[in-house]
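The lines below spell out each chain.
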Amino acid sequence: MRLEVEGLTRAYGGQRAVDGLSFALEAGEIGCLLGPSGCGKTTALRCIAGFDRPDGGQISAAGEVLAGPGAFVPPERRRIGMVFQDYALFPHLDVFGNVSFGLRGLDRAARDARAREVLDLVGLGELAGRYPDELSGGQQQRVALARALAPRPRLVLLDEPFSSLDTEVRRRLAGDVRAALKREGATALLVTHDQQEAFAIADRIGVMRAGRLEQWDSAWRLYHSPATRFVADFVGDGAFIPGHVEGERRVATELGPVEGELTTPLASGARVDLLLRPDDIVVDAGSPLRTRILDKCFRGAQFMYTLALPSGERVLALVPSHEDHEVGGELGIRLETRHLVGFAREA
Amino acid sequence: MTLAGRLLPGTAAILVALPMLAVLAAVLHGATGADPELWEHLRSFVLPGVTRSTLVLVAGVVALSLILGVSLGWLTAACDFPGRGFFAWALLLPLAMPAYVLAFVAVATLDYAGPVPSLLREWFGAGFTLPPIRSTGGVIAVLALAFYPYVYLLARGAFLTHGTRALEAGQSLGLGPWAGFFRVALPLARPWVAAGAALVAMETLADFGAVSVFNYDTFTTAIYKSWFGLFSLETALQLALVLLALVAVALAVEQLARGRARYALAGAGARPPARLRLRRRLALAATVYATLVFALAFALPALCLAVWALEVAPLDLDARYVAYVTRTLLLAGMAAVACAALAVVLGWAVRAGGGWPARIAARAATLGYAVPGTVLAVGVVGALAAADLAWVALGATEGLWLQGTVLALLLGYVARFLAVAHGPVEGGLARLKPSLAEAARSFGLGRLAVLLRVQLPLLRAGIGTALLLVFVDVMKEMPITLMTRPFGWDTLAVRVFEMTAEGEWRRAALPSLVITLAGLVPVVLLTRRIEDASRG
């Protein structure tokens, strides 16, 4: 089902938690609102679920207005499932009771069959008789997902679904959740502050900041073609170095002219901050570009080096760990860029 | 550890538990040694009626308290209506007014010749009558208005901690707010609601003053009458044993319910709960309902008391009155100090390696709050009588002269209210982690300095709360005082009993007002703590 959010605004005591948020999620897609804590992403989610009333804008699902001027569908009639941050499993019901809770208007056999089906989908068929307090965090999380999916909602919302799990479980579960959602053909929207989580699950990601949507795009485009400086900073690692534009495909920097298409066109001669991702920098012993190693961090297959350019500007470089360079030593580098990300330099 | 080091805490704990143990022993022993003829009379003429009326009363009061407590708890926790913030704490205020005060105010104002029915007849004609207040329904209504706050407090707490969150989960699965209440919120709150209902049952079983006002016979009044009317301590002890069995059932229900009250939703979330918006008519109905309960259970009776107290003050405020007040304060003060001190000893004994004797003693010592005052009173007298007999058997020519002394009365108070002091003192002791004392000693402080500079200051708040709670409870206490006080030791509560027994309602107002005002102090503290908790 297609979800459409237009100009969504929600204020608490004059403070706009969500400020003119607009995006659309196509049927069967998994979307994600990504942003630091307090950016309004959870408020937006609760408005879509119907637990909160927007002050402005419109939310519609498959063309039906759920919330908007003069319209408000209560949450229980939206057919939108939700996986809560703390799961909110019913402690007085066992796993099976929790999962079949939302299945009404079905005969018993159909009900049980559907509950079994979703429990198998999340791989918890054997634990149907357990109570929530007898499950691990990851298992509770999957019960919450199964419970939300069981009534075949038009949309599934996930509020920081992995925040209370440890990193190990988190990574594995993220893949499982995506697989389960895709097998069900569900349309889903999650909110998170963790970009790895967003990349692992979502088809489309919206980066939010202070109640506003900075960019609504695929993960690849967020990384390689960030629309704003905030997105460039928030998604992935990298550093900005100063330069100025010389024509359509060229930026002059202290590392020499850098070639590539600018993702946002800038006038020739403009002063620009050029984004260098760690993978844009390649070690080249013979290169005349010499840098000094300030810091390094071993990541298994690669080292992440922090390098100082002759001017003192710093850049990050992700280098295969075949060789171990000393901190304080010199390293020759060259740039390998396909496209250029630059933002007009603020005075 | 030395032998003395191990024996001392255990012995101390048992000594602290002695009043309660003696009462239980006396009730068990006395009940078996009764005159068979009297027991026969009791069994065929008293017991069936008293059992029936007590059970009817408990069932009615519990049912009505459940309705009032759960509905008001739900409205103030999960819904929005005008005055919600006020009612959230105001609906606890009836806890400050003893049931016997509410009872006599109700009888005084609503009886056929009372001011309210008279006024109604004046307005609507002589044929207009209210349902009679002196009836089973009347007692049930009055006791439910006095005791519903127990259910309200616990149910509201349960609804607040996970009602709204779980309700959202229910809504996301297509459940409307009303269905959500019955299918999610109520089942979740069930352990707390059951615990509240058990507390109401225990309070109803223990109530003596209110049923006396109504001349409604229950076990407590039967115990009182068989002693002061039939002069048979044995009969009283037998009735006490049956009553104790009923209390044990209520206590077991409460323990069972609390045992299951382990549901907790991880991380309730910092977000303020989104309350249900009631439609205008429903919101208005909720406000009217809450106002009605608050007015009937507290505001109007308090107003009556104030007006009557002002009327009779010039007549009543004489030297005798000063004596009532000083005796009340003296007894309450002594009992408070004794209970707090013993609670500290008990806590120390359990921690200092008293082992299982100390733990069992602590359990027994804190059982007293569940035991009705009438049972404790006859138990204390029975225990002292047995002690006298033993003393004489040892060769003494006279008894110990403990019966009818202030000491006997204090024994009863300690047995009943040690549990009240135990809670806050335990809370304070729990904060005294061993590492604290060790840290202090690592700075070179001696044992005494550690006690004075670290441990006592940490305990001070707990001890203060214990003193306050016991003090107020003793002020309100009626049956133990009435049945075991030395001659001339009349307290405010005794004065209320005597005036209401004679139907001198207005003259009972002044002492009642003083007791109620004192009772407000702990209730206000309680509401503050709740507000802090819900804000934090």
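Comments concerning the overall build of chain B
Inference 1: Looking only at helices and strands, chain B has 20 helices and 2 strands in total.
Inference 2: Taken over the C-alpha trace, chain B has a radius of gyration of 25 Å; the compact-globule value for 536 residues is 24 Å, and the two agree within 12%.
Inference 3: Each principal axis of the C-alpha atoms in chain B carries an extent, and together these give about 75 × 70 × 50 Å.
Inference 4: Going through the 536 residues of chain B one by one, you find that 48% of them count as buried.
Inference 5: Within chain B, counting contacts between residues at least 6 apart in sequence, those at least 24 apart form 83% of the total.

Here we look at the overall build of chain A
Inference 1: When its secondary structure is counted, chain A shows 8 helices and 23 strands.
Inference 2: With respect to the three principal axes, the spread of C-alpha positions in chain A is 75 × 50 × 35 Å.
Inference 3: Of all 347 residues assigned to chain A, the portion counted as buried reaches 41%.
Inference 4: The long-range fraction of contacts in chain A, counting pairs at least 24 apart against all pairs at least 6 apart in sequence, stands at 64%.

What about the sheet that holds strand 19 (residues 302–308) of chain A?
By way of backbone hydrogen bonds, the strands of a sheet pair with one another, either parallel or antiparallel.
Residue and element names in this part refer to chain A.
Inference 1: Strands sit in the order 17-21-18-19-20 across an open sheet of 5 strands; the sheet is antiparallel. The sheet is open, and its two borders are formed by strand 17 (281–283) and strand 20 (314–320), each paired with just one other strand. Between one strand axis and the next, the sheet turns by 50 degrees as a mean value, whatever way the strands run.
Inference 2: Two strands pair when backbone bridges link them, and strand 18 (residues 290–298) and strand 19 are joined in this way by 6 bridges, in the antiparallel orientation.

Digging into the nonpolar core
One recurring pattern in soluble globular proteins: nonpolar side chains tend to sit buried together.
Inference 1: Counting residues in each nonpolar core, the largest one holds 281 residues, and the members touching the most others are A146 of chain A together with A103, A335, C339, A340 and V470 of chain B.
Inference 2: Here this core gets 21 residues from one element, more than from any other, and that element is helix 6 (residues 136–172) of chain B.
Inference 3: When neighbours within four sequence positions are excluded, A103 of chain B is seen to be in contact with V142, G209, A210, V213 and F214 of chain B.

Some thoughts on the domain arrangement of chain A
Inference 1: When cut into domains, chain A gives domain 1 (3–232) and domain 2 (238–344).
Inference 2: In the side of domain 1 of chain A that touches domain 2 of chain A, the residues fall into 2 nonpolar, 2 polar and 1 charged.

With respect to the domain arrangement of chain B
Residue and element names in this part refer to chain B.
Inference 1: Parsing chain B into structural domains produces domain 1 (1–25 + 317–501) and domain 2 (34–306 + 522–536).
Inference 2: A separation of 28 Å is found between the C-alpha centroids of domain 1 and domain 2.
Inference 3: Of the residues lining the interface, 20 residues belong to domain 1; the matching set on domain 2 comes to 22 residues.
Inference 4: Looking at the side of domain 1 that touches domain 2, the elements that each hand over two or more residues are helix 14 (373–393), helix 17 (447–476), helix 18 (479–484) and helix 19 (492–501).
Inference 5: Sorting elements by how many residues they give to the side of domain 1 that touches domain 2 places helix 14 first, with 7 residues.

Some details on the sheet that holds strand 8 (residues 155–159) of chain A
Residues and elements named next belong to chain A.
Inference 1: One open sheet holds the 6 strands; their spatial order is 7-8-9-3-10-11, and the pairing between them is mixed. Every other strand in the sheet has two partners, leaving strand 7 (80–83) and strand 11 (212–217) as the edge strands with one partner each. Across the sheet, the mean angle separating the axes of adjacent strands is 20 degrees when strand polarity is ignored.
Inference 2: Across the sheet, helix 4 (residues 137–149) touches strand 7 and strand 8, and the angle it forms with strand 7 is around 175 degrees.

Things to note about the environment of A270 of chain A
All names here are of chain A.
Inference 1: Position of A270 among the secondary structure elements: in the loop between strand 15 (261–262) and strand 16 (271–276).
Inference 2: Note on A270: 15 C-beta atoms within 10 Å, which makes it partly exposed.
Inference 3: Residues A270 and V73 lie 197 residues apart in sequence; the distance between their C-alpha atoms is 50 Å.
Inference 4: Those residues in contact with A270 that sit more than four places away from it in its chain are H244, V245 and A344.

Section: the confidence of the model for chain B
All names here are of chain B.
Inference 1: Residues with a pLDDT of 70 or more make up 90% of chain B, whose mean pLDDT is 83.
Inference 2: By mean pLDDT, helix 16 (residues 434–442) is the weakest element of chain B at 70, and helix 4 (residues 99–110) is the strongest at 93.
Inference 3: Low pLDDT, under 50, characterises residues 264–271; the stretch is placed with 13 contacts to residues that sit more than four places away or in other chains.
Inference 4: Taken together, the chains of this predicted complex give a pTM of 0.79 and an interface ipTM of 0.72.

Notes on helix 19 of chain B
All names here are of chain B.
Inference 1: Across the 10 residues that make up helix 19, a large majority, 7, are buried.
Inference 2: Looking only at helix 19, the buried set comprises L492, A493, R495, V496, F497, M499 and T500.
Inference 3: One or two steps after helix 19, the chain reaches G503, where phi turns positive at roughly 75 degrees.

Side note on the interface of chain B and chain A
Inference 1: Of the residues lining the interface, 19 residues belong to chain B; the matching set on chain A comes to 20 residues.
Inference 2: Every element with two or more residues in the side of chain B that touches chain A is listed here: helix 6 and helix 7 (177–206) of chain B.
Inference 3: With 6 residues, the single largest contributor to the side of chain B that touches chain A is helix 6 of chain B.

Looking at unusual backbone geometry
All names here are of chain A.
Inference 1: A positive phi is found at Y87, a non-glycine position, where the angle reads about 70 degrees.
Inference 2: For Y87, the position within the fold is in the loop between strand 7 and helix 2 (95–100).
Inference 3: Given 24 C-beta atoms within 10 Å, Y87 falls into the buried group.
Inference 4: Not every positive phi belongs to a glycine, and E160 is a case in point at roughly 40 degrees.
Inference 5: With respect to the helices and strands, E160 occurs in the loop between strand 8 and helix 5 (167–184).
Inference 6: E160 sits in the buried class, given 20 other C-beta atoms within 10 Å.

Structural notes on the pairing of strand 2 (residues 15–25) of chain A
All names here are of chain A.
Inference 1: Relative to strand 2, strand 1 (residues 3–12) is paired through 7 bridges, and the arrangement is antiparallel. The residue of strand 2 that forms the bridge with L8 is L21.
Inference 2: Where strand 1 folds back onto strand 2 in an antiparallel hairpin, the turn is made up of 2 residues, including G13, whose phi is positive at roughly 55 degrees.

Topic: the environment of G28 of chain A
Residue and element names in this part refer to chain A.
Inference 1: Here G28 lies in the loop between strand 2 and strand 3 (30–34).
Inference 2: Given 15 C-beta atoms within a 10 Å radius, G28 is considered partly exposed.
Inference 3: Apart from the residues within four sequence positions on either side, G28 is in contact with G185 and T187.

Thoughts on the pairing of strand 4 (residues 56–61) of chain A
All names here are of chain A.
Inference 1: By the bridge criterion, 5 bridges tie strand 1 to strand 4 in an arrangement that is antiparallel. Within strand 4, the position partnered with E6 by the bridge is Q58.
Inference 2: Two strands pair when backbone bridges link them, and strand 4 and strand 5 (residues 64–68) are joined in this way by 3 bridges, in the antiparallel orientation. For A61, the partnering residue across the bridge sits in strand 5 and is E64.
Inference 3: Adjacent in sequence and paired antiparallel, strand 4 and strand 5 are bridged by 2 residues, among which A62 carries a positive phi angle near 50 degrees.

Basis of the calculations
- Residues numbered from 1 in each chain as written.
- Chains lettered and ligands numbered in written order.
- Predicted model: local features only at pLDDT ≥ 70, side-chain atom pairs only at ≥ 80, totals over all residues.
- Helix = DSSP H or I, 4+ residues; strand = E, 2+ residues; numbered from the N terminus.
- Rg over C-alpha atoms; globule rule 2.2 N^0.38 Å.
- Buried ≥ 20, exposed ≤ 12 C-beta atoms within 10 Å, placed from the backbone.
- Contact = placed C-beta atoms within 7 Å.
- Pairing = 2+ DSSP bridges.
- Axes fitted to C-alpha atoms, helices over the stretch in contact; angles between N-to-C directions.
- Core = buried A, V, L, I, M, F, W, Y, C linked by C-beta atoms within 7 Å.
- Domains from an automatic or database assignment.
- Nonpolar A, V, L, I, M, F, W, Y, C, P; charged D, E, K, R; others polar.
- pLDDT = per-residue confidence, 0-100.

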